[in-house]
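Given next are the chains, with one letter for each unit.
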Number of protein chains: 4
Amino acid sequence: MANHKVFYSKQRVYWDMLDLLGVLHNARYVVMFERARFDFWAHLGVGPEAPGFDWPYLVVRNEVNYKAAIRSEQEATVSVEISGIKSSSVTFRHTLIDAAGVVSAEGSTTLVRVDAESGRPVPWSDNFRKLVGDYVMEPERPL
Amino acid sequence: MANHKVFYSKQRVYWDMLDLLGVLHNARYVVMFERARFDFWAHLGVGPEAPGFDWPYLVVRNEVNYKAAIRSEQEATVSVEISGIKSSSVTFRHTLIDAAGVVSAEGSTTLVRVDAESGRPVPWSDNFRKLVGDYVMEPERPL
Amino acid sequence: MANHKVFYSKQRVYWDMLDLLGVLHNARYVVMFERARFDFWAHLGVGPEAPGFDWPYLVVRNEVNYKAAIRSEQEATVSVEISGIKSSSVTFRHTLIDAAGVVSAEGSTTLVRVDAESGRPVPWSDNFRKLVGDYVMEPERPL
Amino acid sequence: MANHKVFYSKQRVYWDMLDLLGVLHNARYVVMFERARFDFWAHLGVGPEAPGFDWPYLVVRNEVNYKAAIRSEQEATVSVEISGIKSSSVTFRHTLIDAAGVVSAEGSTTLVRVDAESGRPVPWSDNFRKLVGDYVMEPERPL
């Protein structure tokens, strides 16, 4: 298996993100995964407003498996790697790791590039494939 | 296959829930699924503050498959049924249907009942199993 | 003092909107005020997507005075009336009333109509003034 | 007028915090002010879970005056200073400054310390007054 890169996004867990049970609310993980992808784009020098970037795309699937609750304000880390890329879709694999290094959750998000007007799927450009190529796990491993 | 019941939660999609692309943000679906479960508890006459209710529980898994974007304020419907119940866990199956009757997303959430002090899994009570029994799909169907 | 109308928006307080102290989070009130205004627009048959509506506008001021905490899921009511309208701005006055009829908070929001391209203030149209006229408190009363 | 200290909290504006008009949503400022106060507590070595800290308190007033919209992901700065402290209440003054140094909003939040059981106001401890003393603007200046 070829080596691949992993990107890490540092993100703050704030008090208001804890729910009435005192744990980081389950939906927040989905937001933190998305924010990690935006940090990933910024790290690569692209993003929604960058000319030539394959934007927009829509989320077509989210999966989160929660392992250990986060119970306080802290700086967490979200990992970003790509488990597979197809014609118009790409699947990210994410891990959210708490400040003590414990895996709080694992998950994945699948995006589909769409045409801004029609909303129909559009194939990723060669530039995009080149851009993310180092972060693709090969061969694709199921979550 | 025995019949089972489905509960429907009516929920508002507000303007602030649409993201910069003009679609209901993907993480909002996870929140709307959870709110549907709380509406389900209220429909059954129970809830976090009801004496004897099997509370607390934690979310251990979320899965959302997005089918059609929601692009405006409206009243949506979230369905609640149970695809399986085990010793300490229960898996809900949800569908979010837009105001025109189109399925916007399908998904599932798995909860595990935990002890409030230790955080360790605790088996569901017989009362809980009786309470939700009518909503359990049998035999269990994978999402 | 002439009579004026008040619009009431019914809104759900969900479990996830309660914070770790068990009260409706203070920032949620600002969102609920905004949602009440969107309900108000819908009641008047207009809104962001209605042709000829004075859109967009930006929020230039928010003020919330909290009176009594909300501590459980419930249906709350947000009142909408207009304390004053000037050339390009309008100030709404809101009250959030809990399910028992207790005033939980009072506040106000000032909007300024802006040009979509330049972001510069634009005077409200006569249509807009006619549309909201019945809801304007006269003479203007400070909060 | 005696000198006083100002604390600065660095916070990220993420893509999902921009609304459909492409600007940082007005309610987010209230959350960012609160997060700045929690950063302030952490800077002082205290916080909700610190033994002897004057917790809990409730927000009794929020005011935000918006000056310039924030239109992209960036790192913003929220200032924290105290415009006045009374028997059971304290009023913070906040400024949110964008990545280019432009003041995006000014505002204030008033907190009241309450008894955890009764919810009744409780005077701040001498320790608390000593803790925040350097950040109090004197004489009190209205917003």
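Cut-offs applied
- Within every chain, residues take consecutive numbers counted from 1 along the sequence as written.
- The lettering of chains begins at A and the numbering of ligands begins at 1, in the order of writing.
- Confidence filtering applies because this is a predicted model: local features only for residues at pLDDT of at least 70, side-chain atom pairs given and counted only at 80 or more, and all residues used for totals across whole chains, interfaces and linings.
- To obtain the side-chain values, all non-hydrogen atoms of the structure were included, while hydrogens and water were left out.
- When the copies are overlaid, the least-squares fit takes in C-alpha atoms only where the residue has pLDDT of at least 70 in both copies.
- Pairs of residues are marked as contacts when any of their non-hydrogen atoms sit within 4.5 Å.
- A quick way to say it: buried area is the sum, across both parts, of accessible area lost when two parts are put together, with a 1.4 Å probe.
- The salt bridge definition used is simple: a Lys or Arg side-chain nitrogen within 4 Å of an Asp or Glu carboxyl oxygen.
- As used in this structure description, the phrase polar contact means that two N or O atoms lie within 3.5 Å; if the pair is within protein, one of them must be able to donate a hydrogen and the other to accept it, and residues adjacent in sequence are counted only when both atoms belong to side chains.
- Counting from the N terminus, the helices are DSSP H or I runs at least four residues long and the strands are E runs at least two residues long.
- Following DSSP output, two strands are said to pair if at least two bridges run between them.
- Here an angle of 0 to 180 degrees is reported between the N-to-C directions of two axes, which are lines fitted to C-alpha atoms, with helices fitted over the stretch in contact.

Engineer: Any chance you could break down the relation of the copies chain A and chain B for me, citing the residues and the numbers?
Structural biologist: Taken as rigid bodies, chain A and chain B are interconverted by a rotation of 180° and an axial shift of 0.0 Å, the fit giving an RMSD of 0.0 Å. Overall, the copies show the geometry of a two-fold rotation axis. When C-alpha distances to the rotation axis are compared across chain A, the minimum falls at Glu63(A), with a value of 2.2 Å. Both copies contact each other with a shared surface, as 100% of the interface residues of chain A are interface residues in chain B too.

Engineer: Quick one: what's the story with the interface of chain A and chain B, residue by residue and with numbers?
Structural biologist: Each side of the interface is counted separately: chain A has 21 residues, and chain B has 21 residues. Here chain A and chain B share an interface that buries about 1,800 Å² over both sides, 56% of which is from carbon and sulfur atoms. Broken down residue by residue, the surface that chain A buries against chain B is led by Leu21(A), Asn26(A) and Tyr66(A), which jointly contribute 26%. The interface formed by chain A and chain B holds 2 salt bridges in total. Notably, a salt bridge pairs Arg61(B) with Glu63(A), separated by 3.1 Å at the nearest N-O pair. The tally of links from chain A across to chain B stands at 16 residue pairs in polar contact (both at pLDDT 80 or more). Looking at the side of chain A that touches chain B, the elements that each hand over two or more residues are α1 (26-43) and β2 (57-66) of chain A. The greatest single-element share of the side of chain A that touches chain B, amounting to 10 residues, is contributed by β2(A). Inspection of the sheet shows β2(A) paired to strand β2 (residues 57-66) of chain B by 5 bridges, in the antiparallel sense.

Engineer: Let's hear about the relation of the copies chain A and chain C: which residues, and what values?
Structural biologist: When chain A is fitted to chain C, the best match, at an RMSD of 0.0 Å, comes from turning it 180° and sliding it 0.0 Å along the axis. Mapped onto chain C, 100% of the interface residues of chain A are again interface residues, and the two copies thus contact each other with one and the same surface.

Engineer: Describe the sheet that holds β2(A), naming the residues involved and giving the relevant values.
Structural biologist: Sheet strands associate in pairs through backbone hydrogen bonding, adopting either a parallel or an antiparallel arrangement. Ordered in space as β1(A)-β3(A)-β4(A)-β5(A)-β2(A)-β2(B)-β5(B)-β4(B)-β3(B)-β1(B), the 10 strands form an open sheet in which the pairing is antiparallel. Sheet topology places β1 (7-13) of chain A together with β1 (7-13) of chain B at the edges, where each strand pairs with a single neighbour. For this sheet, the mean inter-axis angle between neighbouring strands, taken without regard to orientation, is 25°. Across the face of the sheet, helix α1 (residues 26-43) of chain B comes into contact with β2 of chain A together with β1, β2, β3 (74-85), β4 (89-97) and β5 (103-113) of chain B while running at roughly 135° to β1(B).

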